[in-house]
Amino acid sequence: MEESSQDAGPGLPLSPPAPPPSPRSGCSLGKGTRRPGGDSSGHLTFPLLSVTLLVSFGSSMLYGYNLAVVNSPAMHIKAFYNATWSRRYGHGLAPGPLTLLYSLTVSIFALGGLVGSLLVGVLVEQYGRNGTLSRSTLLVLLAGGFMGFSRELGSPEMVIIGRSITGLHSGICLSVVPLYLGEIAPKNLRGFLGLMPSIFICLGVFFAQVLGLPELLGEDRFWPLFLSVVVIPAFLQLLLLHCFPESPRYLLIERNDISGATKALHRFLGTPGVQDVIEEMKEEQQFLSSMEVVSVWQLLRDRSVRWQTVSVVVVNAGMQLSGIDAIWFYTNTIFENAGIPVSQIPYTTVGTGAIEVVAGLIGCFTIEKVGRRPLIITGFCAMGICSAGITVSLLLQTTLPWMRYLSIACVVGIIAGFCMGPAGVPFLMTAELFMQSHRPSAYIVGGSLNWLCNFTVGFIFPFLQMSAGAFCYLVFCGVCLLVALYVYLVIPETKNKTFMEISHIFATRHSFLSIPAHLTRMVKLSGYGSLESSSLEGSSSSLS
């Protein structure tokens, strides 16, 4: 749970007044046992694994579940809206207003997430990481009540309110879960634990697809229960999370609780020898006391981090504008347009969910080996190619019936490509591109864009699909390929690099932007990171 260089040591996702409010923000750092040369590593203990699985299951998984849960019961929810409107006003809803109301039900989740992401700073400062996660489960219980009793009370408004509250919960937890895990994880497990919540997001989508089968909760009479089943994992987290300690960095640096931090380190690291870790945290505490945290406005105007800020904007906005939410929200509609028999669509959707879980596991277990850049570039390229493939298949399936299978394969490719890299790597990279003074504001920018783009896609896609038809997927294709190109040209590999090294790379970006990022690497000079490019010669190839 520490940075590998003493000079960059205070680079942790601790929260000065405004800690990271964007999804997966906590993946920035971990802490372990000090090693020669300033490196820090540790092993995966049972308490560390247990708390990772618990918060990923009880919080992160609910995000994936709520993304996909409105897909299979769409017809039943629309029928409920129409019937209620007819009872109230004596006539049903026209197709346009009905689509608008259902789109609001889908996309209000993202607006709740935006509000939640902006509340994270206050919550984690007041209640801590563990405490915030525990208290946030009460929101899920409240939302489950609204959605579960909505049909009995004849209130579509309760469905929309419940969806907004689940979004509020996800906006909070998608920031706090990785923040918590990042502060308790050894550095060598930072990427692995940083992507663990992404796997559970994929599992949440998969569980929503399975429960949505007609044999389970896919019938009309079960859709309120289908929406509210999220209370089960949330209640389990509420019962068990208090068994695990608070983040030791929060306890020591923000609460000055040395005894509590020591006990937490003993529990998470599984070793009594944590004094060196405590001493370094004290150094960090002293360093942070003299560091000014920049505001969002200052971040946007700061030329020294211009390329980091642009990179955060590109990868976070691109992740949502890639069309993945349109695929998750409207999978059944896409398959229906592809000519899949209605009776077979739920089972086809479940198959895609299983594949996305496998893709997420591949990304999680390979990120520390292959790095961040290969995963995110490959993922976006695969998504772009498959989006174009959906357009081609939909245009040709009337003359070539086998094209419908290409459409299914492309949907699977989009989901697999997303889960393998773009699902989690952008948040991890956001954590790694900034020093501590700029990171909280970077998370606000990235998180706000993420949720705003999520809302935009969920709300606009049905109308885009009606107006542009099969060509609407070419928009997502262009976004994916442009983001992949940007990452290839601008963003360097951050695996096993200190924040100081990464800052040195971006500090020189204005003078060698024409050099692709994959040609630059870091060399060690007296413990500091310096830039070296394979296209430069001699001493001019590095910066001290």
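Calculation criteria
- Residues numbered from 1 in each chain as written.
- Predicted model: local features only at pLDDT ≥ 70, side-chain atom pairs only at ≥ 80, totals over all residues.
- Heavy atoms only, no water.
- Phe/Tyr/Trp six-rings, centres within 6.5 Å; stacked < 30°, edge-to-face > 60°.
- Helix = DSSP H or I, 4+ residues; strand = E, 2+ residues; numbered from the N terminus.
- Buried < 20%, exposed > 50% of the residue type's maximum accessible area, 1.4 Å probe, protein only.
- Core = buried A, V, L, I, M, F, W, Y, C linked by side-chain atoms within 4.5 Å.
- pLDDT = per-residue confidence, 0-100.
- Contact = heavy atoms within 4.5 Å.
- Salt bridge = Lys/Arg side-chain N within 4 Å of Asp/Glu carboxyl O.

Q: Explain the packing of aromatic side chains to me, please; I cannot follow it from the model alone.
A: Two measures describe an aromatic ring pair: the distance that separates the ring centres and the angle between the ring planes. Under the counting rule described, the total for this entry stands at 10 aromatic pairs. Ring geometry for tyrosine 63 and phenylalanine 109: centres 6.0 Å apart, planes at 25°, overall stacked. Taken as a pair, tyrosine 63 in helix H1 (residues 46-68) and phenylalanine 109 in helix H3 (residues 95-148) lie far apart in primary sequence, 46 residues in all. Grouping residues by exposure puts tyrosine 63 and phenylalanine 109 together as buried. Judged by centre distance (4.6 Å) and plane angle (50°), the ring pair of tryptophan 85 and tyrosine 89 falls under tilted. Linking tryptophan 85 with tyrosine 89, this pair stays in helix H2 (residues 74-89), spanning 4 residues, or about one helical turn.

Q: Teacher, can you tell me more about the nonpolar core here?
A: Across soluble globular proteins, you tend to see nonpolar side chains buried next to one another. Ranked by size, the top nonpolar core spans 86 residues in total, and within it Val51, Val55, Leu133, Tyr180, Ile376 and Ile390 carry the most contacts. The element contributing the most residues to this core is helix H20 (residues 472-490), with 10 residues.

Q: Explain the confidence of the model for the chain here, please?
A: Fine structural detail should not be taken from predicted coordinates in areas where pLDDT scores are low. Per-chain confidence: the chain averages 77 in pLDDT, with 79% of residues scoring 70 or above. When the elements of the chain are averaged for pLDDT, strand S4 (residues 528-533) gives the smallest value, 34, and helix H7 (residues 231-240) the largest, 94. Predicted confidence for residues 1-40 stays below pLDDT 50, and this span has 190 contacts to residues more than four positions away or in other chains. Low pLDDT (under 50) marks residues 520-544, which in the prediction has 48 contacts with non-local residues, meaning those over four places away or in another chain.

Q: Explanation requested: the pattern of salt bridges in the structure shown.
A: Should the charged atoms of two oppositely charged side chains come close, the side chains can pair. Per the counting criterion, the structure on display carries 3 salt bridges. Arginine 88 serves as the salt-bridge partner of glutamate 157, at 2.8 Å between the closest nitrogen and oxygen. With glutamate 157 in helix H4 (residues 156-184) and arginine 88 in helix H2, this residue pair connects regions lying 69 residues apart in the sequence. A residue is classified by how much of its surface remains accessible, and glutamate 157, at 37% relative accessible area, is partly exposed. The partner of arginine 151 in a salt bridge is aspartate 220, and the shortest N-O contact between them spans 3.8 Å. Note that arginine 151 is positioned in the loop between H3 and H4 and aspartate 220 in the loop between helix H5 (190-211) and helix H6 (223-228), a separation of 69 residues in sequence. Overall, arginine 151 belongs to the partly exposed group, its relative accessible area being 27%.

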